[in-house]
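Listed below, chain by chain, are the residues.
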Amino acid sequence: MGNGAVIIAGTLDTKSEEIGYVRSALEKRGRRVIVIDCGILGRPTLTADFPRETVAKAGGGDLAALVAKRDRETALPVMIAGLEHILGDLLAKGEVAGFLGIGGGTNAALAATAFRMMPFGLPKMLVSTVACGNTRPFVGIKDALLFHSVVDILGLNTFLRSILDRAVAAMDAMLALDTATSARSGRGCVGLTSFGSTTEGAEHALAILQPEGLEVLGFHARGVGGEAMEALIREERIDAVLDLTTTEVADELVGGICSAGPNRLEAAGERGLPQVILPGAVDMVNFGPRATVPERFRGRSFVSHTPLATLMRTTPEENVEIARFIARKLNAAKGPVAVVLPLGGFSAYDRKDGPFWDPAADDAFRNTIRAELASHIPVIDVDAHINDRATIEAATSLLIDMINTKKNEARP
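Residues numbered from 1 in each chain as written. Predicted model: local features only at pLDDT ≥ 70, side-chain atom pairs only at ≥ 80, totals over all residues. Heavy atoms only, no water.

Trainee: Could you clarify how one ought to interpret the overall build of the chain in this entry?
Mentor: Each helix and strand in the chain was counted, giving 14 helices and 14 strands. Judged by the C-alpha coordinates and their principal axes, the chain covers about 70 × 60 × 40 Å. A burial count over the chain gives 53% of its 412 residues as buried. Intrachain contacts of the chain at a sequence separation of at least 6 include 73% that bridge at least 24 residues. Each charge class in the chain can be summarised by its mean position, and for the 43 positive and 50 negative side chains these summaries are 4 Å apart. (Helix = DSSP H or I, 4+ residues; strand = E, 2+ residues; numbered from the N terminus. Buried < 20%, exposed > 50% of the residue type's maximum accessible area, 1.4 Å probe, protein only. Contact = heavy atoms within 4.5 Å. Lys, Arg positive; Asp, Glu negative; His and termini not counted. Charge placed at Lys NZ, Arg CZ, Asp CG, Glu CD.)

Trainee: For this particular structure, what's the right way to read the pairing of strand 7 (residues 215–220)?
Mentor: Both faces of the sheet carry side chains from a regular strand, because those side chains alternate between them. Across six bridges, the pairing between strand 6 (residues 189–194) and strand 7 is parallel. Considered in strand 7, the bridge of Cys189 is made with Glu215. In this region the chain leaves strand 6, passes through helix 8 (residues 199–209) and returns to the parallel neighbour strand 7; the handedness of that crossover is right-handed. (Pairing = 2+ DSSP bridges. Right-handed = clockwise from strand over helix to strand, strands pointing away.)

Trainee: Looking at this structure, how should I read the packing of helix 1 (residues 12–28) against helix 7 (residues 158–176)?
Mentor: Where helix 1 meets helix 7, the axes come as close as 10 Å, and the angle between the chain directions of the two elements is 40°. Between helix 1 and helix 7, the crossing angle belongs to the class labelled oblique. For the pair helix 1 and helix 7, the crossing hand works out as right-handed. Listed contacts from helix 7 to Glu18, Tyr21, Val22, Ala25 and Leu26 of helix 1 are Leu160, Arg161, Leu164, Asp165, Val168 and Met171. Tallied by class, the residues present in the contact of helix 1 with helix 7 amount to eight nonpolar, no polar and three charged. (Axes fitted to C-alpha atoms, helices over the stretch in contact; angles between N-to-C directions. Parallel < 35°, antiparallel > 145°, perpendicular 65-115°, else oblique. Left-handed = near helix turned anticlockwise from the far one by under 90°. Nonpolar A, V, L, I, M, F, W, Y, C, P; charged D, E, K, R; others polar.)

Trainee: Looking at this structure, I do not really get the nonpolar core. What am I missing?
Mentor: Ile7, Ile36, Cys38 and Phe99 are the most contacted members of the largest nonpolar core, which totals 31 residues. Mapped by element, the contributors of at least two residues to this core are strand 1 (5–10), strand 2 (33–37), helix 2 (52–58), helix 3 (63–69), helix 4 (72–92), strand 3 (96–102) and helix 5 (105–117). It is helix 4 that provides the largest number of residues to this core, a total of eight residues. When residues no more than four places from it in sequence are discounted, the contact partners of Cys38 are Ala9, Gly10, Thr11, Val55, Met79, Leu83 and Leu110. Ranked by size, the runner-up nonpolar core spans 27 residues in total, among them Val254, Ile326, Ala327 and Phe346. (Core = buried A, V, L, I, M, F, W, Y, C linked by side-chain atoms within 4.5 Å.)

Trainee: Please explain helix 9 (residues 224–234) as it appears in this structure.
Mentor: For an α-helix, the turn length of 3.6 residues means that residues three or four places apart are oriented alike. Of all eleven residues making up helix 9, eight are buried, and the element is well covered by its neighbours. Among all positions in helix 9, only Gly225, Gly226, Ala228, Met229, Glu230, Ala231, Leu232 and Ile233 are buried. Just downstream of helix 9, Glu236 is the residue with a positive phi angle, here 65°.

Trainee: What is the right way to look at the sheet that holds strand 5 (residues 145–148) in this model?
Mentor: Whenever strands of a sheet pair, they do so through backbone hydrogen bonds, lying parallel or antiparallel. Strand order in the open sheet formed by five strands is 2-1-3-4-5, and the pairing between neighbours is parallel. Of all strands in the sheet, those bounded by a partner on one side alone are strand 2 and strand 5. Neighbour-to-neighbour, the strand axes of this sheet turn through a mean angle of 20°, independent of strand direction. Here helix 1 sits on the sheet in contact with strand 1, strand 2 and strand 3, set at roughly 175° to strand 2. Against the sheet, helix 5 makes contact with strand 1, strand 3 and strand 4 (124–128), and its axis sits at roughly 170° relative to strand 4, the strand it touches most.

Trainee: Explain the packing of helix 10 (residues 247–254) against helix 12 (residues 316–331) here, please?
Mentor: Between two packed helices, both the angle of their axes relative to each other and the distance between the axes serve to describe the pair. Between helix 10 and helix 12, the shortest axis-to-axis distance is 10 Å and the interhelical angle comes to 115°. Of the two possible hands of crossing, helix 10 and helix 12 adopt the one that is right-handed. Contact residues: Val249, Ala250, Leu253 and Val254 in helix 10; Glu318, Glu321, Ile322, Phe325 and Ile326 in helix 12. Here the contact of helix 10 with helix 12 is composed, by residue class, of seven nonpolar, no polar and two charged.

Trainee: Looking at this structure, how should I read the side chain of Ser128?
Mentor: The topology assignment puts Ser128 in strand 4. At 2.5 Å, the side chain of Ser128 forms a polar contact with the backbone oxygen of Gly103. Once residues lying within four places of it in the same chain are set aside, the contact partners of Ser128 are Gly103, Gly104, Phe147, His148 and Ser149. (Polar contact = N/O pair within 3.5 Å; in protein donor to acceptor, adjacent residues only side chain to side chain.)

Trainee: What exactly am I supposed to notice about the sheet that holds strand 12 (residues 309–313) here?
Mentor: In spatial order, the strands read 10-12-11; together these three strands make up an open sheet with antiparallel pairing. Each edge of the open sheet carries a strand with a single partner, namely strand 10 (284–287) and strand 11 (302–306). In this sheet, adjacent strand axes meet at a mean angle of 30° when their direction is disregarded. When strand 10 meets strand 12, the two strands line up antiparallel, connected through four bridges. Counted as the bridge partner of Phe287 is Thr310 from strand 12. The strands touched by helix 10 are strand 10 and strand 12; relative to strand 10, the strand with the most contacts, the crossing angle is about 70°.

Written out as structure tokens, the structure is:
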């Protein structure tokens, strides 16, 4: 990590004692620490490297005015903006070795800001009571370690000291690893999306791509997975994409819980990477336990994938919109693109005699994407199921040819 420091951004008006304890423990292990004070209500008892006056100014605010209002809701966005500015500058200078957040909801919001800004590979940790429950708002798509404090971060005691000591030891261990964020295997890297209902196909793909000397990064297409793949593509960690599972688009358009957002299927096209697309699991929209399915979907066809995961069959009309979404993204791609359409079904549930077998709905997707795609994008029909080896062989063969062509074009 060189001379980089562990950044601790927190509200020193309420967490001075605890942050001071962690800073001292890290420094005893030989780690440099930079403390950024983002609190505004009380008076801090710990001296910060970046005091709250500096943070407020960096965020476009005036500390005296914020203190006078004593309104956390108004102050927090200003302090977060200040943290973004300061942390961005430290990252640009190579000053950041890791980040450690401590505290409840406010400090978790500060940590979420840091996690979002930091590249994959740099150690990221949050010690908090919120590290239990819905953690997606804090973790996002990043490789963060959440350490449940169990007790509130409200004054030091024997139990909390034990928690913080172990958190410090974990951060120290992560810092000791070679986590160079630009590390690459030296082989071409393929991003592969998969799902429980397309796992068999993903396993076939892995067995074909790895012997070709390609490294494969698998992404579980539950929203965060697709977002993470798009982010790693933009960080230039991925060289080609086998998008076997585009179910996140169904959730984005229909209202499921596994959306990867409106920018899914954009990054590879923007970078001009080779990509082969299959309509994996577009026959379903994802929800949690059956009781959580919105009332407006009453009467639809459902499957309980697990007690915590309920799948809803897409309709022909929904599949038309899903196909249009995908076609728009692929038509804008700057690099080679191909689409493979399995005629035997799009998921483990979408096959003859399966609970989601609906040829009319699947044909609506196929017909629409054929009609909407630009003429230069090949569409390959395969008379097999999406998880059959024949389908995956067709898709991987196309991708490997694209990769080799791109390599040959790059040679002088």
